[in-house]
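# A structural walkthrough
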Amino acid sequence: MTENEFRVLHSRLIEEYQLIEMRLKGICSAVLADERRNWIDRLDDYETDPLGKLLREISEKQKKNNAVYISPDDYKVLDMVRTSRNYWVHQCFSADKHVTFSRTGNVRREEYADRIEKDLNEAVRWDERLTEIFRELAKEKRIMDSIGP
């Protein structure tokens, strides 16, 4: 994989992680929506929440509401997604085992090329899955009715 291809995948991966965070913020907001504050009003409550905090928040709300939006197994996988996100955002160019490129412009270690492709596929899958969870929650709570046409 060339450095250019790697950097394009890296940008796409960061975008997917941001979409996942946005979906989780939407789910948190939807779970707490009520007559006083609809889900859109509640989105600001989660403006700076990191991925791990959002996952804990949803888990607590599920327990409190005796509901299941995200399964325990899914939380485990999402925690691995969180760990991967932290690596790609904070460590991949600065950690002990970091991505480097050869003089010919290729990723030096194939394991990083494989990992970024795998993590991107997983992030896309979770963005889609969380979108579906939000849609189901929106139907259940009729939250889309609160924003009008």
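By convention here, each chain's residues receive numbers from 1 onward along its written sequence. The predicted origin of the model limits local features to residues at a pLDDT of at least 70 and limits the giving and counting of side-chain atom pairs to 80 or more, whereas totals for whole chains, interfaces and linings rest on all residues. Each side-chain value is worked out from all heavy atoms of the structure, with water and hydrogens disregarded.

### Topic: the overall build of the protein
Our working rule: Starting at the N terminus, helices and strands are each numbered in turn, a helix being any DSSP run of H or I of at least four residues and a strand any DSSP run of E of at least two. Working definition: with a 1.4 Å probe on protein chains only, accessible area under 20% of the residue-type maximum means buried, over 50% means exposed, and in between means partly exposed. Residues are treated as being in contact if the distance between any of their heavy atoms lies within 4.5 Å. Only the protein chains shown count as cover for residues, with accessible areas throughout obtained via the Shrake-Rupley method and a probe of 1.4 Å. Charged-residue counts in this description rest on Lys and Arg as positive and Asp and Glu as negative, His and the chain ends being excluded. By convention, the charge on Lys lies at NZ, on Arg at CZ, on Asp at CG and on Glu at CD.
Summing up its helical and strand segments, the protein has five helices and zero strands in all. When the helices and strands of the protein are listed from N to C terminus, the series reads α-α-α-α-α. Here the C-alpha coordinates of the protein stretch approximately 60 × 35 × 25 Å along the principal axes. The buried share of the protein, taken over its 149 residues, is 40%. Taking contacts inside the protein between residues at least 6 apart in sequence as the whole, the part at least 24 apart equals 70%. When the accessible surface of the protein is totalled, it reaches about 9,200 Å², and 47% of it is carbon and sulfur. In the protein, which carries 27 positive and 30 negative side-chain charges, the distance between the mean positions of the two groups comes to 3 Å.

### Regarding the nonpolar core
Threshold: Definition used in this section: a nonpolar core is a set of buried Ala, Val, Leu, Ile, Met, Phe, Trp, Tyr and Cys residues joined via side-chain atoms within 4.5 Å.
Membership of the largest hydrophobic core comes to 38 residues, with the highest contact counts inside it found for Ile-20, Leu-24, Ile-27, Ile-70, Trp-88, Val-99 and Leu-130. Of all elements in the fold, only helix 1 (3-32), helix 3 (51-65), helix 4 (72-91) and helix 5 (110-141) reach the threshold of two or more residues within this core. Every residue in contact with Leu-24, bar those within four places of it in the chain, is listed here: Leu-51, Leu-54, Leu-55, Ile-58, Ile-70 and Leu-130.

### Overview of the confidence of the model for the protein
Just so we agree on the cut-off: Confidence of the predictor in every single residue is expressed as pLDDT, which spans 0 to 100.
Taken over all residues, the pLDDT of the protein has a mean of 88, while the share at 70 or more is 95%. Here helix 2 (residues 39-43) is the element of the protein with the lowest mean pLDDT, 80, and helix 1 is the one with the highest, 94.

### Digging into the packing of aromatic side chains
To be explicit about the condition: Only the six-membered ring of Trp is used, alongside the rings of Phe and Tyr, when aromatic pairs are assigned; centres must lie within 6.5 Å, and planes under 30 degrees apart are stacked while those over 60 apart are edge-to-face, with the rest tilted. Two conditions define a charge sitting above a ring: the NZ of Lys or the CZ of Arg must be within 6 Å of the ring centre, and it must be within 35 degrees of the ring normal.
Considering all chains together, one arrives at five aromatic pairs under this definition. Pairing Phe-6 with Trp-88 gives two aromatic rings, centres 5.9 Å apart and planes at 55°, and the pair type is tilted. One end of the pair, Phe-6, is in helix 1; the other, Trp-88, is in helix 4, and 82 residues separate them in sequence. By relative accessible area, Phe-6 is classed as buried at 0%. An aromatic cluster of at least three residues, connected via ring pairs, comprises Phe-6, Tyr-87, Trp-88, Phe-93 and Phe-101. We note Arg-115 situated over the ring of Tyr-87; from NZ or CZ to the ring centre the distance is 4.0 Å.

### Re unusual backbone geometry
Phi is positive for Asn-66, which is not a glycine, with a value near 50°. Along the chain, the position of Asn-66 falls in the loop between helix 3 and helix 4. Its relative accessible area of 74% is what places Asn-66 among the exposed residues.

### Concerning helix 3
Turn by turn, an α-helix covers 3.6 residues, leaving residues three or four places apart pointing in a common direction. Under the convention used in this document: In this analysis, the expected span of each helix is defined as 1.5 Å times one less than the number of residues it contains.
Its 15 residues place the ends of helix 3 21 Å apart at the C-alpha level, agreeing with the 21 Å of an ideal helix rising 1.5 Å per residue. For helix 3, the set of buried residues is Leu-51, Gly-52, Leu-54, Leu-55, Glu-57, Ile-58, Ser-59, Lys-61 and Gln-62. Close packing links the buried residues of helix 3 with helix 1 and helix 4. Note on helix 3: the residue one or two positions beyond its end, Asn-66, has a positive phi of about 50°.

### Looking at the pattern of salt bridges
We count it as follows: Salt bridges are counted wherever a side-chain nitrogen of Lys or Arg sits within 4 Å of a carboxyl oxygen of Asp or Glu.
For the structure shown, the criterion picks out 12 salt bridges. The salt bridge involving Arg-115 is made with Asp-119; its shortest N-O contact spans 3.4 Å. Of the two residues, Arg-115 and Asp-119 are both situated in helix 5; the distance of four residues between them amounts to about one turn of the helix. With its nearest N and O atoms 3.2 Å apart, the salt bridge here joins Lys-118 to Asp-119. On the accessibility criterion, Lys-118 (54% relative accessible area) is exposed. A single network of salt bridges, built from pairs that share partners, joins Arg-115, Lys-118 and Asp-119.

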